[in-house]
Amino acid sequence: MSAQIVCFGEVLWDVFPDRRKIGGAPLNVALRLSSFGNTVSMISSVGHDQPGSEILDFIGSRGLDLNAIQKSDKFKTGEVQVTLDGKGSASYEIVFPTAWDDIILTADNIRLVKQADALVFGSLAARGDTSRTTLFDLIDLAAYRIFDINLRPPHYDQPVLEHLMNSADFIKFNDDELFEIASAMSSNYNSLEQNIKFLAEKTRTRRICVTKGRHGAVLFYDGSFFYNSGYLVKVADTVGAGDSFLATVTHHLLNGNDPQKAIDHACAVGALVAGSKGANPEISEARISNFINPKAD
């Protein structure tokens, strides 16, 4: 089985001290979803420049529909300076504004979203007026709305986050993001599960997933909790691990698989990405299965 999915938001260059990689959270999600056999379209914007042309060539070579990627007349292709600490955890310096802040509403992206099984979008693409307005319009047309929260100071504000959460059918946080947003919404709770239920009630969202780094993840799905305690890997860098996690859990749930299987596979893929350099290493189904259940020697 496969699903038809549209991802909306940033495509850009991640600039590391020693290399450059094509990325952006929605694009990372789209690439991983496509690797599982889903039909995936990307709505975004690049500049009229060489970095933008290279991104388009890359996306096309990976089998994604890039017809809804626009070329901005105002801004250059996006770029992010990535710094890794001694444990491989990433921090980001994100240029503003760039081309992906200039995504306009078109008949083509309206058609794509209306036809899709799901729309995946993040908080970062809502930082600028043009892309935010387009996103709000497309959300209203989507059959199923998956919100990937990526808090990158200073590129977010609480009213926009709450609007997007209230519009979503599924929300993905990391644990720090969950506690920050719950506190801003006046939660008095201390535990992860209590705050998940608090936000589920506040936003009328029945499906919430929270990643916990090397400690795995929690999935709240239609009133039940599902857990995975994580997988041990030597971290190369954390860039894109959460994106591949979201893509994997989305793939399994949209295709009707058991929530426990979804979170187990999502944690495994996230760990395998963290153990590799860059956001989009190739990972086969056989490698995922063997990582979850190693074969005896």
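Refer to the structure printed above.
Residues numbered from 1 in each chain as written. Predicted model: local features only at pLDDT ≥ 70, side-chain atom pairs only at ≥ 80, totals over all residues. Heavy atoms only, no water.

Draft legend 1. Fine view of the pairing of strand β2 (residues 12–15). On β2, burial covers both faces: Leu-12 and Asp-14 on one face and Trp-13 and Val-15 on the other are all buried. Strand direction decides the pairing type here: β2 and strand β3 (residues 20–23), joined by four bridges, are antiparallel. In the strand pairing of β3, Leu-12 is matched with Gly-23. Where β2 folds back onto β3 in an antiparallel hairpin, the turn is made up of four residues. (Buried < 20%, exposed > 50% of the residue type's maximum accessible area, 1.4 Å probe, protein only. Helix = DSSP H or I, 4+ residues; strand = E, 2+ residues; numbered from the N terminus. Pairing = 2+ DSSP bridges.)

Draft legend 2. A look at the packing of aromatic side chains. Under the definition given, this model contains five aromatic pairs. With a centroid separation of 6.3 Å and 65 degrees between ring planes, the pair formed by Tyr-189 and Phe-198 is classed as edge-to-face. When its relative accessible area of 13% is taken as the criterion, Phe-198 is described as buried. An aromatic cluster of three or more residues is present, and its members are Phe-220, Phe-225 and Tyr-227. Positioned over the ring face of Phe-16 is Arg-19, at 4.0 Å from the centre of the ring. In this arrangement the basic side chain of Arg-20 is found over the ring face of Trp-13, its NZ or CZ atom lying 4.9 Å from the centre. (Phe/Tyr/Trp six-rings, centres within 6.5 Å; stacked < 30°, edge-to-face > 60°. Lys NZ or Arg CZ within 6 Å of the ring centre and 35° of its normal.)

Draft legend 3. Region of the structure containing the sheet that holds strand β4 (residues 39–47). Here we have nine strands laid out as an open sheet, ordered β5-β4-β1-β8-β9-β10-β11-β12-β13, and mixed in their pairing. The strands lining the two open edges of the sheet, one partner per strand, are β5 (69–72) and β13 (224–228). Sheet twist, expressed as the average angle between the axes of neighbouring strands with direction ignored, equals 15 degrees. Here five bridges tie strand β11 (residues 207–211) to strand β12 (residues 217–221), and the two strands are oriented antiparallel to one another. Considered in β12, the bridge of Ile-208 is made with Phe-220. (Axes fitted to C-alpha atoms, helices over the stretch in contact; angles between N-to-C directions.)

Draft legend 4. Molecular detail of the nonpolar core. Within the largest apolar cluster, 50 residues are counted, with the highest numbers of intra-cluster contacts made by Cys-7, Leu-27, Phe-170, Phe-245, Val-249 and Ile-288. Ranked by residue count, the leading element in this core is helix α9 (residues 259–274), at ten residues. Not counting residues within four places of it along the chain, the set of residues in contact with Cys-7 comprises Pro-26, Val-29, Ala-30, Leu-33, Val-40, Ser-41, Met-42, Ile-43 and Val-120. In terms of nonpolar packing, the next biggest core, distinct from the first, is built from 39 residues, Phe-8, Leu-112, Ala-116 and Met-165 among them. (Core = buried A, V, L, I, M, F, W, Y, C linked by side-chain atoms within 4.5 Å. Contact = heavy atoms within 4.5 Å.)

Draft legend 5. Representation of the packing of helix α8 (residues 241–254) against α9 in the model. Look at α8 against α9: their axes get within 8 Å of each other, and the N-to-C directions meet at 155 degrees. Classified by the angle their axes make, α8 and α9 are roughly antiparallel. Helix-helix and strand crossings are classified by hand; for α8 and α9 the assignment is right-handed. Here Ala-241, Ser-244, Phe-245, Thr-248, Val-249, His-252 and Leu-253 of α8 come into contact with α9, specifically with Pro-259, Lys-261, Ala-262, Ile-263, His-265, Ala-266, Cys-267, Val-269, Gly-270, Val-273 and Ala-274. Here the residues of the contact of α8 with α9 are counted per class, giving twelve nonpolar, five polar and one charged. (Parallel < 35°, antiparallel > 145°, perpendicular 65-115°, else oblique. Left-handed = near helix turned anticlockwise from the far one by under 90°. Nonpolar A, V, L, I, M, F, W, Y, C, P; charged D, E, K, R; others polar.)

Draft legend 6. Structural detail: the pattern of salt bridges. Scanning all chains against the criterion turns up nine salt bridges. Between Lys-172 and Asp-148 there is a salt bridge, and its shortest N-O distance comes to 3.7 Å. Within this pair, whereas Lys-172 is found in strand β10 (residues 170–174), its partner Asp-148 is found in strand β9 (residues 145–148), the two being separated by 24 residues in sequence. Asp-148 carries the same exposure label as Lys-172, and that label is buried. Put simply, Arg-206, Arg-207 and Asp-222 are held in one network by salt bridges that share partners. (Salt bridge = Lys/Arg side-chain N within 4 Å of Asp/Glu carboxyl O.)

Draft legend 7. Representation of the sheet that holds β2. Spatially, four strands are ordered β3-β2-β6-β7 in an open sheet, and the strand pairing comes out mixed. Either end of the sheet is taken by a strand with one partner, and the two such strands are β3 and β7 (90–94). Looking at each pair of strands side by side, their axes are set apart by 30 degrees on average, direction ignored. Two strands pair when backbone bridges link them, and strand β6 (residues 78–84) and β7 are joined in this way by five bridges, in the antiparallel orientation. Within the sheet, the bridge partner assigned to Val-82 lies in β7 and is Tyr-92. Sheet strands in contact with helix α2 (residues 50–61) are β2 and β3, and its direction is about 105 degrees off that of β2.

Draft legend 8. A look at unusual backbone geometry. Of the consecutive residues Phe-96 and Pro-97, the connecting peptide bond is found in the cis state with omega at -5 degrees. Position of Pro-97 relative to the elements: it lies in the loop between β7 and α3 (107–115). The linkage connecting Pro-153 with the following residue, Pro-154, adopts the cis geometry, with an omega of 0 degrees. By secondary structure assignment, the location of Pro-154 is in the loop between β9 and α5 (158–167). The phi angle at Asp-222 is positive, at roughly 50 degrees, despite the residue not being glycine. Along the chain, Asp-222 turns up in the loop between β12 and β13. Asp-222 gets classed as partly exposed once you look at its relative accessible area, which sits at 33%.

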